[in-house]
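# A structural walkthrough
For reference, the chains in residue letters:
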There are 2 protein chains.
Amino acid sequence: MNLENTQVQMRKGILEYCILHIISRGEVYASDMLDELTTAKIIVVEGTLYPLLTRLKNAELLEYKWVESKSGPPRKYYTLTDKGSKFLRNLSETWEDLVHSTQTITTKSNA
Amino acid sequence: MNLENTQVQMRKGILEYCILHIISRGEVYASDMLDELTTAKIIVVEGTLYPLLTRLKNAELLEYKWVESKSGPPRKYYTLTDKGSKFLRNLSETWEDLVHSTQTITTKSNA
DNA sequence: CAATAGTACTTGGCCATACATAGTACTTTC
DNA sequence: GAAAGTACTATGTATGGCCAAGTACTATTG
């Protein structure tokens, strides 16, 4: 058990939430997402993102279409399905609750 | 992949953070923690909490002393070690960053 | 037109945590 | 001394993030 481990654990699920959010705002492909996550200081590597997208697609929360690119191979542009939108709304609630609960714990002073 | 799974994943690491925080405020034993977590709407079962405490102790972030109880078996009262305090401070930073990053993503409107 | 570099996506294996479930040990109460 | 309650322990499972290596397509370049 070390700090790095716990930090990794803390990210679990949150990444999924962020990805869904980014896609909910419009069609994007993987590199777009990586850029936005990096800007928000959430560093993600390909080996994390691609499998996640595949899982989300298999769960029918996402769908994609191939779009040809002028500079390289074609790209998968993702959009949310209806199921994905619903899922995201639920997840938002969960996240808000979690943040609130954590705040309750961490801002409580010595009794 | 379903909602429940992701919710479970979201808790990972955060629980550890909350536990450390609760202990940082003074000597407590497991049931105290369960009560406080439940009050904050973080539902935890024994099978999750006890192994976590053992892990934290083995990592030398916690130490405990046995205290006899008037109503049942003796209890382990936990306190943070110096190492634990440092760990908690690091974790606080990680958590704050994560919340902030997530907010950056989720409050961004359609570009 | 091979060879190289760059972009986009894929795959397999590893690890740590949360959880379910069952079990041990001690104390009080009737 | 049997039952109920409290506190802690042990085992096995599943999941997601990560590392690392690999595939496939396009554009450039000598």
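See above for the structure.
Calculation notes
Residues numbered from 1 in each chain as written. Chains lettered and ligands numbered in written order. Predicted model: local features only at pLDDT ≥ 70, side-chain atom pairs only at ≥ 80, totals over all residues. Helix = DSSP H or I, 4+ residues; strand = E, 2+ residues; numbered from the N terminus. Buried ≥ 20, exposed ≤ 12 C-beta atoms within 10 Å, placed from the backbone. Contact = placed C-beta atoms within 7 Å. Near = placed C-beta within 6 Å. Nonpolar A, V, L, I, M, F, W, Y, C, P; charged D, E, K, R; others polar. Least-squares fit on C-alpha atoms with pLDDT ≥ 70 in both.

To continue, consider the environment of S24(B). All names here are of chain B. With respect to the helices, strands and loops of the structure, S24 is situated in helix α2 (residues 14-24). Using a count of 16 C-beta atoms within 10 Å as the deciding quantity, one classes S24 as partly exposed. Placed 60 residues apart in sequence, S24 and G84 show a C-alpha to C-alpha distance of 8.7 Å. Leaving out residues up to four positions away in the same chain, S24 has contacts with L80, S85 and L88.

Next up on the list: the protein's contact with DNA strand D. As a matter of local geometry, DNA strand D sits amid 36 residues, with G47(A), T48(A), A30(B), Y50(B) and K76(B) nearest to it. Secondary-structure elements contributing two or more residues to the surface near DNA strand D are α1 (3-11), α2 (14-24) and α4 (46-58) of chain A together with α1 (3-11), α3 (30-39), α4 (46-58) and β2 (75-80) of chain B. The biggest single contributor to the surface near DNA strand D is α4(A), with six residues. A per-class count over the surface near DNA strand D returns 13 nonpolar, 14 polar and nine charged.

This part is about the relation of the copies chain A and chain B. The transform that puts chain A on chain B rotates by 180° and translates by 0.0 Å along the axis, for an RMSD of 0.1 Å. Taken together, the turn and the small shift mark the pair as related by a two-fold rotation axis. No C-alpha of chain A approaches the rotation axis more nearly than that of K12(A), which lies at 3.2 Å. Looking at the interface residues of chain A, 100% of them are also at the interface in chain B, so both copies use one shared face.

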